[in-house]
Amino acid sequence: MSFSVSEPDQGIYDAMNKGIHHATGDYLLFLNSGDTLLNDTVIEKAVPYLENNIDLVYGALYIVPTQGSGFRHTYPDVLDFNFFKQTSLGHPSTFIKRELFDLYGRYRTDLKIVSDWEFFLNLICKKRVSYQKIDLTISRFYEGGISTSAATVQLNKAEINKVLLENFDLYNSSFDELIAIHKTQSMTLSKLHSQVALVTTNSYLLKILNKFIGLLSTILRVKRP
């Protein structure tokens, strides 16, 4: 059965939510403007993998850049926070069980670029849903849209930081800078005491640790002859 609707919406994810509302299948696959299935037989090849009741089933994505040759992009077998800190699953190459949207909510419309990333992050890192990687290229993704536009880079970063701060309260918007400082402080602390490890989760804890390291340094100077 096919269904189509053309009417004003509040953005990409509002349009996707309308599609979810009308969808009747067990799994959903989202193809945005310009995206296409790799070929006419890919769905038929994917169906056997969808019969195992896995929540998310993802394959490879064939990426077509604005310049240069296209290439096959694959995703890791294991998905975790470190993966989502850097990137996301290919939306056009991931089959999503329909009932997940009923259980955990639909795409957030307050996010203009990364709502699908937020959805995957929530499902995998917080809800611990099941997932499976399959050796099958699902779709063609053409770069140049809103998700890959240079004009939206800052908005992309801002929305990612917003989501991480909301869901992981120990995450800090200056996380990358914090990691660099952490490495420096760890080296300093290891010189003071080789058995003491440094764990830094946010800038507030870092300030406390800096004072502690300073105190240790003072004590060592006082004890020296």
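Look up: the structure comes first, before these words.
Residues numbered from 1 in each chain as written. Predicted model: local features only at pLDDT ≥ 70, side-chain atom pairs only at ≥ 80, totals over all residues. Heavy atoms only, no water.

A. Up close: the packing of aromatic side chains. Counted according to the given criterion, the structure contains nine aromatic pairs. Where Y13 meets Y107, the ring centres are 5.7 Å apart and the plane angle is 50°; that geometry is what we call tilted. Taken together, the residues span a long stretch of sequence, with Y13 in helix α1 (residues 12-22) and Y107 in the loop between α4 (99-104) and α5 (115-126) at a distance of 94 residues. Assessed through its relative accessible area of 5%, Y13 is described here as buried. Judged by centre distance (4.6 Å) and plane angle (10°), the ring pair of F101 and F119 falls under stacked. Taken together, the residues F101 in helix α4 and F119 in helix α5 connect sequence positions 18 residues apart. One Lys or Arg, R140, reaches over the ring of Y62 and ends 5.9 Å from the middle of that ring. (Phe/Tyr/Trp six-rings, centres within 6.5 Å; stacked < 30°, edge-to-face > 60°. Helix = DSSP H or I, 4+ residues; strand = E, 2+ residues; numbered from the N terminus. Buried < 20%, exposed > 50% of the residue type's maximum accessible area, 1.4 Å probe, protein only. Lys NZ or Arg CZ within 6 Å of the ring centre and 35° of its normal.)

B. Representation of the packing of α5 against helix α6 (residues 153-167). At their nearest, the axes of α5 and α6 sit 11 Å apart, and the two run at 30° to each other. In terms of their interaxial angle, α5 and α6 are classed as roughly parallel. The element α5 and its partner α6 pack so that their crossing is right-handed. Judged by residue contacts, W117, E118, L121 and K126 of α5 engage I160, V163, L164 and N167 from α6. Each residue belonging to the contact of α5 with α6 can be placed in one class, and the counts come to five nonpolar, one polar and two charged. (Axes fitted to C-alpha atoms, helices over the stretch in contact; angles between N-to-C directions. Parallel < 35°, antiparallel > 145°, perpendicular 65-115°, else oblique. Left-handed = near helix turned anticlockwise from the far one by under 90°. Contact = heavy atoms within 4.5 Å. Nonpolar A, V, L, I, M, F, W, Y, C, P; charged D, E, K, R; others polar.)

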